[in-house]
Amino acid sequence: MAHDVKSQLTALLQQALASVAPTATDTPIHLERPRDPTHGDFATNLAMQLAKALKKNPREIASQLLAELPVSLLVARAEIAGAGFINFTLDPRAKVDVVGAVLVDGGNFGRSQLGAGHKVQVEFVSANPTGPLHVGHGRGAAYGASLSSLLAFAGWDVTREYYVNDAGRQMDILGLSTWLRYLDQHGVSVPFPPNAYQGGYVRDMAQQMTVAHAAKYVRAAEAVLAGTPGLPEADRADDEAKQQRELHLDALIARAKELLGPDWDYVHQHALNEQLADCRDDLEQFGVHFDVWFSEKALYDTGLVARCVVLLEEKGHIYLQNGAKWFRSTAFGDEKDRVVQRENGLYTYFASDIAYHLNKFERGFDKVINIWGADHHGYIPRVSGAVKALDLDAGKLQVALVQFAVLYRNGQKASMSTRSGEFVTLRELRGEVGNDACRFFYALRKSDQHLDFDLDLAKSQTNENPVYYIQYAHARICSVLAQWGGDLATLADADLALLSNPRELAIANKLAEFRDVIENAARDLAPHLIAFYLKDLAGEFHGWYNAERMLVDDAALRDARVALAAAVRQVIRNGLAILGVSCPESM
RNA sequence: GCGCCCGUAGCUCAGUUGGAUAGAGUGCUACCCUCCGAAGGUAGAAGUCGCACGUUCGAAUCGUGUCGGGCGCGCCA
């Protein structure tokens, strides 16, 4: 473990601590990398933390710690600075050792055992399959996929899951919308409700129905409209008109089910299958893969939803009011109680979500991460409340909120309403800016931060686009290695001690930091840290590249520098792989 | 009205679980290829970390209040 400098330093400090402050040996030892290089390679505030317990001046404690610090070849210099920091300057030899470690570990460099093989489920996207994914879903997809890769790299056993809302009213509306377009294509004129799905893809699905089954599902307009309340004037936006539109829509759905009978299932299923396939295809192309596509409908079919409500009843968390069954979520921190079964006997979405979470826990995950749009934050207390009510460990449940991505085109906000059909789809976005820039742009923001996605900027192939900066470093290194022409395996024998100028040592430090970045990012569910790290690393490399020549005549020095470059390339690859961004060898 | 998130350089954003003189990109200014890829580099200007108290050796970070922005408060999903 000669390469793990940080833990060795920690061990040294532990020994010093034991003799200086035997009563406070449990003081956490915090080593940080100072941003100011004159402060050395590592610094600890241990002395300051001990000041209170020992009732002594921090600088005095620091000097005692230094006196008791075991001698080590790693440390070139250890000194007291500022209010009581202990700054460590590493022996250059110890710094550059990491280069060898990177080359030996390859794609595994930076891999951590933080997760210790524990099972974690990451559920993300989970968009209603009622239309194409838009740029907001794209962000959740990019975040979830990067986070999953990150957790896997940090030692977790990750299951990536998409929850398919195939059981609700929205799916009925989609089926109805498709059917109405189909009728229209067969000359049956039923006014298309403004609150049905307007997108062109609905007409496409209707067309497919005709191709496959001709006029099999045609019914008369009078029959379709029989008993429906009708639509209010199109320009009315008052509550009454809105309500009437909803009632009309529900009545049409009821008519459709009645008139089509078993054929309704076909229409419904056809629309679902098409949208889900489209969604899956879109995500696959985006480099976002799922291990499980979990059906909400299955929760009903297997009786788990009903079982869940019974379970809550048995535990005394359900009461009846106005004919509906209410879950007493206020007993678990929610601001009001919630209905799980309506007066009409139908379960609410919340009920199936409780069942879904019960199912998640029954599958034995050590951690369950839900990635939700930030607009769902008010939903957290009731879900975690339900988890607690079922006597499950709510501490295993973690909800990561993703703020909206607002797309700007020509400096103007682009609309994202699915119903109106004016949204910008993820597919369009990918087509315009490319998958790499798309994934990276999404990853470049903390997930809970609003994201202004500047389409024009992401599209620009020139210089402003940060993803190219990193890929360019990678391509440059590939080019150098090609010109060097040697066998990469021989680099392990390079005399790394020849790497001695400040830029080279700084890069070595940066490479060593990758492990910390992985662990911190995994702990905070923050893959964006990797994007920022890679930008820094690429920056240091570019600076070095411009200042020094790698392919020099001195073979030993040349090999050492090529080894460093190869190590940088490896870490860029490992990092970009987590972010789902490709590493072209030339661009 | 109540709850959650966010206010850091002109703009877009980081900030290593409370550390040292607050950073990067972009934009602006001035430079650097006869040389491994200029999609690059070097240097400069740019800040009351929204505001006010408080906690302590020490606050952009923690607490309270306040102003500003976003989102959520259904027998919808």
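All values reported here derive from a predicted model rather than from experimental measurement. (Residues numbered from 1 in each chain as written. Chains lettered and ligands numbered in written order. Predicted model: local features only at pLDDT ≥ 70, side-chain atom pairs only at ≥ 80, totals over all residues. Heavy atoms only, no water.)

Draft legend 1. Seen up close, the protein's contact with RNA strand B. Around RNA strand B, the surrounding shell holds 64 residues, and the nearest of these are His30, Arg342, His377, Arg445 and Tyr469. Each atom of RNA strand B within 4 Å of the protein was classed as base or backbone; sugar and phosphate made up 61%. Contact between RNA strand B and histidine 528: a phosphate oxygen at 3.3 Å from a side-chain N or O atom of the residue. Contacts to RNA strand B include asparagine 546, whose side-chain N or O atom sits 2.8 Å from a base nitrogen. Only strand E4 (85-90), strand E9 (324-327), helix H18 (466-484), helix H19 (502-523) and helix H20 (528-547) provide two or more residues apiece to the surface near RNA strand B. The greatest single-element share of the surface near RNA strand B, amounting to 8 residues, is contributed by H18. Its residues assigned to classes, the surface near RNA strand B comprises 21 nonpolar, 25 polar and 18 charged. (Near = heavy atom within 4 Å. Polar contact = N/O pair within 3.5 Å; in protein donor to acceptor, adjacent residues only side chain to side chain. Helix = DSSP H or I, 4+ residues; strand = E, 2+ residues; numbered from the N terminus. Nonpolar A, V, L, I, M, F, W, Y, C, P; charged D, E, K, R; others polar.)

Draft legend 2. Representation of the state of the cysteines in the model. Summed over the entire model, instances satisfying the criterion amount to 0 disulfides. Unpaired in terms of disulfides, cysteine 279 finds its nearest cysteine sulfur in cysteine 438, a separation of 15 Å. You can call cysteine 279 buried: its relative accessible area is 3%. With no disulfide of its own, cysteine 478 lies 8.3 Å from the sulfur of cysteine 583, the closest cysteine sulfur. (Disulfide = S-S within 2.5 Å. Buried < 20%, exposed > 50% of the residue type's maximum accessible area, 1.4 Å probe, protein only.)

Draft legend 3. Region of the structure containing the packing of helix H5 (residues 135-153) against helix H21 (residues 555-579). Taken N-terminus to C-terminus, the directions of H5 and H21 make an angle of 130°; their axes are 7 Å apart at the nearest point. By the angle between their axes, H5 is oblique relative to H21. From H5, Ser146, Ser149, Leu150 and Phe153 reach across to H21, where they touch Asn574, Ile578 and Leu579. Residue classes in the contact of H5 with H21 are distributed as 4 nonpolar, 3 polar and no charged. (Axes fitted to C-alpha atoms, helices over the stretch in contact; angles between N-to-C directions. Parallel < 35°, antiparallel > 145°, perpendicular 65-115°, else oblique. Contact = heavy atoms within 4.5 Å.)

Draft legend 4. Region of interest: the domain arrangement of chain A. Per the domain assignment, the segments making up chain A are domain 1 (5-90), domain 2 (96-110 + 464-579) and domain 3 (169-276). Here the C-alpha centroids of domain 1 and domain 2 sit 29 Å apart. (Domains from an automatic or database assignment.)

Draft legend 5. Summary view of helix H7 (residues 200-213). Here H7 is 14 residues long and its end C-alpha atoms lie 20 Å apart, about the 20 Å a rise of 1.5 Å per residue gives. Here H7 has its buried residues at Tyr201, Val202, Met205, Ala206 and Met209. Looking down the long axis of H7, one finds its buried residues gathered within 150° of arc, a one-sided arrangement. Considering only its buried residues, H7 is in contact with helix H6 (169-185) and helix H10 (262-285). Where H7 terminates, the next one or two residues include alanine 214, which has phi positive at roughly 45°. (Expected span 1.5 Å × (residues − 1). Arc of directions from axis to C-beta.)

Draft legend 6. View of the packing of H6 against H7. Two numbers describe how H6 lies on H7: the axes approach to 8 Å, and their chain directions differ by 65°. Every pair of crossing elements has a handedness; the one defined by H6 and H7 is right-handed. Within the contact between the two elements, H6 uses Leu174, Ser177, Thr178, Arg181, Tyr182 and Gln185 and H7 uses Tyr201, Val202, Arg203, Met205, Ala206, Gln207, Met209, Thr210 and His213. For the contact of H6 with H7, the class distribution of residues is 7 nonpolar, 6 polar and 2 charged. (Left-handed = near helix turned anticlockwise from the far one by under 90°.)

Draft legend 7. Broad picture of the nonpolar core. One finds Leu151, Trp179, Leu429, Tyr442 and Leu511 to be the most contacted residues of the largest nonpolar core, which totals 129 residues. At 13 residues, H21 tops the list of elements feeding residues into this core. In this structure, this core is formed jointly by two domains, domain 2 (96-110 + 464-579) and domain 3 (169-276), each of which donates at least three residues. Once you skip the residues sitting within four places of it in the chain, tyrosine 442 turns out to touch Val135, Gly138, Arg139, Ala142, Phe286, Ala405, Leu426, Leu429, Leu451 and Phe453. In terms of nonpolar packing, the next biggest core, distinct from the first, is built from 30 residues, Cys308, Leu312, Val368 and Val387 among them. (Core = buried A, V, L, I, M, F, W, Y, C linked by side-chain atoms within 4.5 Å.)

Draft legend 8. Spatial organisation of helix H12 (residues 304-314). Looking only at H12, the buried set comprises Leu304, Val305, Cys308, Val309 and Leu312. All buried residues of H12 project into a common sector of 140° when viewed along the axis, lining one side. Positive phi shows up at glycine 316, right after H12, with a value of about 80°.

Draft legend 9. Up close: the layout of surface pockets. Each pocket or cavity is described by its volume, and for the second largest pocket that value is around 660 Å³. Contributing to the lining of the second largest pocket are 30 residues, with Lys6, Arg33, Glu513, Asp516 and Val517 lying nearest its centre. Taken together, the elements giving at least two residues each to the lining of the second largest pocket come down to helix H1 (5-20), strand E1 (31-32), helix H4 (92-105), H19 and H20. Take the lining of the second largest pocket: its biggest share by element is 10 residues, from H19. A class-by-class count of the residues in the lining of the second largest pocket yields 12 nonpolar, 6 polar and 12 charged. Residues lining the lining of the second largest pocket come from more than one domain, with at least three contributed by each of domain 1 (5-90) and domain 2 (96-110 + 464-579). (1 Å grid on protein atoms, 1.4 Å probe; cavity = no way out; pocket = protein on both sides within 12 Å on 5 of 7 lines; lining within 4 Å. Points joined across faces, edges and corners; volume = space filled by probe spheres on them.)

Draft legend 10. Structural view of the side chain of aspartate 337. Tracing the backbone through its elements, the reader meets aspartate 337 in the loop between E9 and strand E10 (338-341). Here aspartate 337 is buried and forms no salt bridge, its nearest opposite-charge partner arginine 328 lying at an N-O distance of 4.8 Å. A polar contact of 3.2 Å, which involves the side chain of aspartate 337, links it to the backbone nitrogen of serine 329. Discounting chain neighbours no more than four positions away, the residues touching aspartate 337 are Tyr319, Trp326, Phe327, Arg328, Ser329 and Thr330. (Lys, Arg positive; Asp, Glu negative; His and termini not counted. Salt bridge = Lys/Arg side-chain N within 4 Å of Asp/Glu carboxyl O.)

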